[in-house]
Each structure stands twice: as structure tokens, then as C-alpha cells.
Amino acid sequence: MNSRPQAYIDPPRRPLFAMPVPPDGKPLISLAINESSFGCSPKALTAAQERLKSPHRYPDPSSTELRAAIAEVHGLDPSRIVCGNGSEELLDVIARMLARAGDEIVMSQSGFFQFALAAARVGATLLRAAENELIADADAILARVTARTKIVFIAVPNNPTGTVMPIAEVKRLHAILPPHVVLVLDLAYGEFLPPDDLAALMAFDGDNIILTRTFSKAHGLAGLRVGWLHAPDWMTPGLNMIRGVGSVNAVAQAAAAAAVHDQAFVSAAVAWTGEQRAKLSTELSRLGLHHVSGLGNFLLTHFPAGHRVEDFIASAMAEDGIWLRPVGEPGFPNWCRIGIGTRREMSLLLTRLERFLVTDQRPFK
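Because the structure is a prediction, the values reported are computed rather than measured. (Residues numbered from 1 in each chain as written. Predicted model: local features only at pLDDT ≥ 70, side-chain atom pairs only at ≥ 80, totals over all residues. Heavy atoms only, no water.)

Peer 1: Got a sec to walk through the nonpolar core? Specific residues and values, please.
Peer 2: Ranked by internal contacts, the top residues of the largest apolar core, which has 49 residues, are Val152, Ile154, Leu173, Leu185, Leu201 and Phe215. The dominant element in this core, judged by the number of residues it contributes, is helix H9 (residues 250-261), at 7 residues. Apart from residues lying up to four places away in sequence, Phe215 is in contact with Leu66, Ile70, Gly220, Leu221, Ala222, Val226, Trp228, Ala256, Ala259 and Val260. Residues Ala95, Ala99, Met107 and Ala124 belong to the second largest nonpolar core, which totals 28 residues. (Core = buried A, V, L, I, M, F, W, Y, C linked by side-chain atoms within 4.5 Å. Buried < 20%, exposed > 50% of the residue type's maximum accessible area, 1.4 Å probe, protein only. Helix = DSSP H or I, 4+ residues; strand = E, 2+ residues; numbered from the N terminus. Contact = heavy atoms within 4.5 Å.)

Peer 1: Quick rundown of the sheet that holds strand S2 (residues 81-84)? Include the residues and the values.
Peer 2: The strand order S2-S10-S9-S8-S7-S3-S4 describes an open sheet built from 7 strands, whose pairing is mixed. At either end of the open sheet lies a strand with only one pairing partner, and these are S2 and strand S4 (125-129). When the angles between neighbouring strand axes are averaged without regard to direction, this sheet yields 20 degrees. Two strands pair when backbone bridges link them, and strand S3 (residues 104-108) and S4 are joined in this way by 5 bridges, in the parallel orientation. Pairing of Val106 across the sheet is with Leu127, part of S4. Sitting on the sheet, helix H4 (residues 113-122) is in contact with S3, S4, strand S7 (149-155) and strand S8 (182-186), with an inclination near 160 degrees to S7. (Pairing = 2+ DSSP bridges. Axes fitted to C-alpha atoms, helices over the stretch in contact; angles between N-to-C directions.)

Peer 1: Quick rundown of the environment of Gly39? Include the residues and the values.
Peer 2: Tracing the sequence through the fold places Gly39 in the loop between strand S1 (29-30) and helix H1 (42-51). A sequence separation of 147 residues divides Gly39 from Asp186, and the C-alpha atoms of the two residues are 22 Å apart. Apart from residues lying up to four places away in sequence, Gly39 is in contact with His219, Gly220 and Phe265.

Peer 1: Residues and numbers for the side chain of Arg80, please.
Peer 2: Its place among the elements puts Arg80 in the loop between helix H2 (64-74) and S2. Judged by relative accessible area, Arg80 falls into the buried class, the value being 13%. A polar contact of 2.9 Å, which involves the side chain of Arg80, links it to the backbone oxygen of Ala231. Arg80 has contacts with Asp205, Leu229, His230, Ala231, Pro232, Asp233 and Thr236, leaving out every residue within four places of it along the chain. (Polar contact = N/O pair within 3.5 Å; in protein donor to acceptor, adjacent residues only side chain to side chain.)

Below, the structure written as C-alpha cells:
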């Protein structure tokens, strides 16, 4: 007889990961988790250092100054902004507020893994909609929607593919969705969109749409964990009640408020990242590696038959301290998401890739 206690949910099977330790005291070259190698705004760093002088003071639980800064820059109502410990906390808060066991949550087939986790945490049924060449498909999503559907999650651009659902299709999807379904647009990589497209998405409004953003990518504040969302008036009291009190620490609030005002830095970071992404794409093509030409600060890359991605990841860490991970989303065997690093880091990576694909004809041992 099986005496193991019964769990309330059956979560997706992705193990937790730890930061690896590179060999022989080499510095870790982190290309696994889409961090910004461009750094953060000097103004954000100065603000963080100033706030760190009084660590004995609690943070503002409402992130008042940060919400005001976000609202000023983006032309929004601060009362409709909710801040959290990264946008991942906010995705979880949204699911906890809107869905329960027996409800349904819809996402595209290769959508952001946190969408699946959010559904699992509340015991909702997760439905994946087919895509068109790795791009979220409005008609396929609508075909999955039923009377039990509470949330549709879409990331624009998507992670891990970097693909972008056309803005017109996002609008059409929202227009057709029944009013009992909330459309959540995750714009974590929104800064990497053409500015007009991002502005069009940020202009979306209505009683059943939420926009989520983060300071972890283009702003370079991943280590401080700051995210925010823009929601209709009727949702914000509940979202604020469910999220953690003081989940955005004081140093993070100060840094993010300064970072959002430094849009010149964000523009420079986005431009630099785009240049490096294009160079990486050219080199991957030269090496014969198929990859998805998406937007963001990474490229989803497929390794050819006979060259296991796990072998390359092991050799890259052992030889150069380069940290990569295989893609864990369903349907991507032998794929790797390569983050954009510094010029030196990308040079090391490409040297290692060429050796692995051309010179080394045996699996790494």
C-alpha cells in the first residue's frame, strides 16, 4: 500500500537549479538565465548605495515613490500599478486571485514556463494552444477557451523562443475573448520590441487585461527582483492584498525608481544588445546551427544530430566556466537558449562552439 501523502497539485517536472561553481577559480560566465551584460544605470546604482545606508528602515510596503516614477515615465495612473518581487511573483499573484481548482488557464505551446507553474500552484487545469512556427496563434488560443477559462497568458516577446505575436493579432484576441477571461500580457522583454509596438501594447486597456513588466532585463536589475503590473481598478485592491507585504525591498525600490527615469540608458542597453544578438546570429549561421531569430537578449539554438547539447554544456563549463542550460520546455529536445554576454564572453562561447562542432567528433567525457 502506498502511504505517501496525496499532493493537492501535480506540478510541472522542472527541478530547481543552483548557480554552478566554475573550475579552477575561473569567473562564472553566465549565459543561462537571460541577464543583461550591459549592466545597470549608474543612477540606479547610486540610488541603491544611498538607500543601503539605512538598512534598519523597512521599505514602503506600497512602493509609492516607485509607482509614481513608473507612472510618470509611462503615462499611467499610479493607483493602477502594483509592484512585486519580480514579475514572476506578480504572475503568481494574478493566478491566485483569479483561478482555483477546476478552472482553466490557457497559454501557447512554448509559452513562458512560469505560466505553467502559476496554474499548478492554484490547481487549475493548464491548456496549451498550438502555435504557428513558434508564434502564439490567436485562433488556436480562442479554440481552447471555455466557460471555465479564467486566464490567458501570453509573453510578448516570448521566452524561451523570442518570437513575437503580431500586435494586431494580440488586439484581435483581446477583442474576441469573452469578458470573464483575463488576458495577461507578459512584457518582460518589451523593451526589445520596436518602440511603436511596445507603445501600442502599453495602450491596451479594459476590465479584463493586465500588463506585466520587469526591471530584470533591459534595466539590468535582475539581482534586486523588481517587477510591476498595470491592471484595471477593480483588480488592484485584491492584487495588493494577495502579494507579499514589503516584497520589494527598500534598496530595490530606490534603484528601480532611478532606473525607470534613465531611459537613455535603457535605449543604449537595448541597442547594444540588438547589435550583439545580430552578431551572434551571424556566427551561429556560419557554424550551421539553426536558431530562432527572435527578440530579447538571447537566441534559442538547436544542436544538430550527433552533438548532444548536454555534452556541449558540460564541456563549456569544464573548459571556460560558461554556464548554459538545455531548454526544459516540452518539445525542445537538444535546444539551448543562449544569453547575450559581453564581447569577450561571446568570443569564448563561439570558440568553444566551433571546437565542439568541427574539431571534437566525440561526446565530452
